[in-house]
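# Descriptive analysis of the structure
Each chain is listed here by its residues.
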Amino acid sequence: MATDLSSAAGPNDTRASRRGVKVPKGTRDFDPLQMAIREKVFGIVTGVFKRHGGVALDTPVFELKETLMGKYGEDSRLIYDLADQGGELSSLRYDLTVPFARYLATKKLTSMRRYHIAKVYRRDNTGRGRFREFYQCDFDIAGQYESMVPDFEILKVLTEILDKLNIGDYEVKLNHRRLLDGMLELCGVPAEKFRTICSAIDKLDKLAWEDVRKEMVLDKGLTEDVADKIGNLVKMRGKPMELLDELMKEDSPIHGNAASQQSSAWPQLLHGCDI
Amino acid sequence: MATDLSSASTEVTAKAKPAGANDTKASRREVKVPKGTRDFDPLQMAIREKVFGIVTGVFKRHGGVALDTPVFELKETLMGKYGEDSKLIYDLADQGGELSSLRYDLTVPFARYLATKKLTSMRRYHIAKVYRRDNPARGRYREFYQCDFDIAGQYESMVPDFEILKVLAEILDKLNIGDYEVKLNHRRLLDGMLELCGVPAEKFRTICSAIDKLDKLAWEDVRKEMVLDKGLTEDVADKIGSLVKMRGKPMELLDELMKEDSPFCGNAASQQALAELKQLFTFMDVGKCINRFVFDLSLARGLDYYTGVIFEAVFTGTVKMGSIAAGGRYDDLVGMFSGVQVPSVGMSLGIERVFAIMEGQAGQLTVRKTQTQVLVLGIGKSLWNVAIGIASELWELEIATEFRCVAPGKIKKQLSDASEKDGIPWVVLVGQDELNQGIVKLRDMAAKQEEEVRRDNLAADLQSRICACAALKGLTI
């Protein structure tokens, strides 16, 4: 454990002392004040996780390269690799979800309710408050349970945390993947374009509808008619129970669409949240 | 920060479902962590949290502030600091940016931090993982925790050195995992000793390295190495031998060495070191931490950046586990970064060994994986709304609560799991009958008693019972 420092001055000594000594781009030290804040925040977050029966988990900072390969799509180029120094190829973890899935597989577990607070690594553009090394706090419930019960509990945990952190008003947007699928289907989007159209819809929090519509028609090859139908539906937002009741009416645009009806489990979820 | 798993399913299932060509290969092969690393499962995390709580408590009580640094440093920061061990450093791949490497310890990052912030004093602790491409076959991990406490800055001689040793002794006492001994020596005393034995100055390092092996090898083997491999005369080796075997209670041995007929008399480096040690031992005596310490002239510790006091703690119990903590004074390290000398002294706790010992004792400890106080059990699978309603009232009062609904036939197993596996002290049972009557059944698992409680009073009732229990145990929730 003692560090064996060579006593001879190395060739880069004087250069180092002339130049400012830095941390790598996108990383930072946490000074004592920042650590005190961090400890307080983690205390609040962990308190909620624990009160919901969460157990803690920790995994290595790097995984085997093959564990992370093929999980992150285009973002894979942002993964930090360790150098090939003669052993197994490894990479720094990109998130905490894939390590969790790998842990369940390693231990052959079929259920677990775990939280994990740790740093993750992404070779992203820095600036505007983006770091390459940053903390994530994850809470996941794995396993077969009564429909919507764990989904409810995750949302309950989320709101408890945001309330207790007490740093301002917030809103949580909710939707359902199958509802999106059903919506695109009945608007007439070809199945092979679902992902790319979802990607466009996702930009609506930053771009105006006109720009997104233009992208759908010009870049992604939808007809204006289909794009307009999508436009009618995606602008719908409101209080959960109320909008749900609207959508479940017989004259609702999604009525009769199989995929959307799957999300009829929603009344349970929302009722749970209501409580 | 949502993870966008664009290609894979976002559902977490028992088996990872990788998209892509290596699907069938992955499911046939075991899914592993990299060699030398490990997951911490919930029980290990509970032990870890307890240990860190003890350690951090001592650090904080001594005015330590916390620090954290990135897991990797610029390659040039770590270069030239670790001598032969540099080959054990993990490098990040060259992906077009600055070359970086995973940190090898917490001391060099500390020195770099002081230089970055142009600080000339700091009393910091740092608990974090470090990375060494060591040989896992020897039971060594490649990723492991260290707990460091260092005092940097110019102070009255030996005062911070005393405080570091006091912190070390307090931690080892509070961890309470067995008898231990802390060996103490001084770099300048070793230098002086080699000098008066006739070792040429250019061989000091390599001879110290040999002396360092005395905790594993017999003197005869070390003597042979000094004479045959390192070119000392037998005469010089014998002189070293007669000195390094000296060990004893600090004050007593010190007094011996300071007598007029002592071999160290007249050697300038030794005299300075002995004077410092005298001051240190006096502080330690007054500071009530001298009992576990042994002044041991064979302690050498791969010396290169230590400039003063050095120490190493070992367990003396039945399980020989090597050293559990070590450190010393290193006055020249920060200056290597900034050109400004900041004298420093510190300790590093090898906490993995402590974990291993406590995990072995886990059967005797009561370490729970969760802290759940109440399990809400709905009898019959249609009562989810009821169970959620009760749980939500309890969460509002910050009571740790789990909930589920099970068929009546499964209640017995739920109850036995709750008490035997999970250690949950209270169970709330509610079925349709109870609902109709406006009550619930509340079971005190420890006392094995069950009573009826009004549903609308349940949360407040439970809260006062839990507080009462905690008060009895002298805990706060």
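What counts, and at which threshold
Residues numbered from 1 in each chain as written. Chains lettered and ligands numbered in written order. Predicted model: local features only at pLDDT ≥ 70, side-chain atom pairs only at ≥ 80, totals over all residues. Heavy atoms only, no water. UniProt positions renumbered as here; feature names shortened; annotations may be inferred. Helix = DSSP H or I, 4+ residues; strand = E, 2+ residues; numbered from the N terminus. Buried < 20%, exposed > 50% of the residue type's maximum accessible area, 1.4 Å probe, protein only. Lys, Arg positive; Asp, Glu negative; His and termini not counted. Salt bridge = Lys/Arg side-chain N within 4 Å of Asp/Glu carboxyl O. Contact = heavy atoms within 4.5 Å. Buried area = accessible area lost by both parts, 1.4 Å probe. Polar contact = N/O pair within 3.5 Å; in protein donor to acceptor, adjacent residues only side chain to side chain. Pairing = 2+ DSSP bridges. Axes fitted to C-alpha atoms, helices over the stretch in contact; angles between N-to-C directions.

The name recorded for chain B in an unreviewed UniProt entry is Histidine--tRNA ligase, cytoplasmic, from Adiantum capillus-veneris. Under the heading Sequence similarities (unreviewed entry), UniProt records this for chain B: "Belongs to the class-II aminoacyl-tRNA synthetase family." As recorded by UniProt, the Catalytic activity (unreviewed entry) comment attached to chain B reads in full: "tRNA(His) + L-histidine + ATP = L-histidyl-tRNA(His) + AMP + diphosphate + H(+)".

Here we take up the side chain of Glu160 of chain A. By the secondary structure assignment, Glu160 of chain A is in helix H5 (residues 149–165). For the buried residue Glu160 of chain A, which engages in no salt bridge, the nearest side chain bearing the opposite charge is Lys156 of chain A, 4.5 Å off. Ignoring sequence-local partners within four residues, the contact set of Glu160 of chain A consists of Val48 and His52 of chain A together with Trp395 of chain B.

Taken residue by residue, the interface counts 92 residues in chain A and 109 residues in chain B. For the chain A and chain B pair, buried surface summed over both sides reaches about 8,500 Å², with 55% attributable to carbon and sulfur atoms. Counting the contacts that link chain A with chain B gives 10 salt bridges. Here Glu39 of chain A and Lys60 of chain B are joined by a salt bridge, their closest N and O atoms 2.8 Å apart. Taken together, the connections running from chain A to chain B amount to 28 residue pairs in polar contact (both at pLDDT 80 or more). At 9 residues, helix H4 (residues 97–107) of chain A tops the list of elements feeding residues into the side of chain A that touches chain B.

All right, on to the sheet that holds strand E8 (residues 293–296) of chain B then. All names here are of chain B. With respect to topology, 9 strands assemble into an open sheet ordered E1-E4-E5-E11-E10-E9-E6-E8-E7, the strand pairing being mixed. Across the chains shown, the open sheet's two edge strands, defined by having one partner strand only, are strand E1 (65–66) and strand E7 (247–248). Sheet topology places strand E4 (residues 122–131) next to strand E5 (residues 143–152); 10 bridges connect them, and they run antiparallel. Within the sheet, the bridge partner assigned to His126 lies in E5 and is Asp148. Helix-sheet contacts for helix H2 (residues 42–61) involve E4, E5 and strand E11 (344–349), and the interaxial angle to E4 is about 155°. The strands touched by helix H10 (residues 250–257) are E7 and E8; relative to E8, the strand with the most contacts, the crossing angle is about 25°.

Quick look at the pairing of strand E4 (residues 112–121) of chain A now. In the case of a regular strand, side chains alternate between the two sheet surfaces. Residues and elements named next belong to chain A. Here E4 lies mainly inside the structure; 9 of its 10 residues are buried. Note that strand E1 (residues 55–56) and E4 share 2 bridges and pair parallel. Opposite Ala56, over in E4, you have Tyr115 as the bridge partner.

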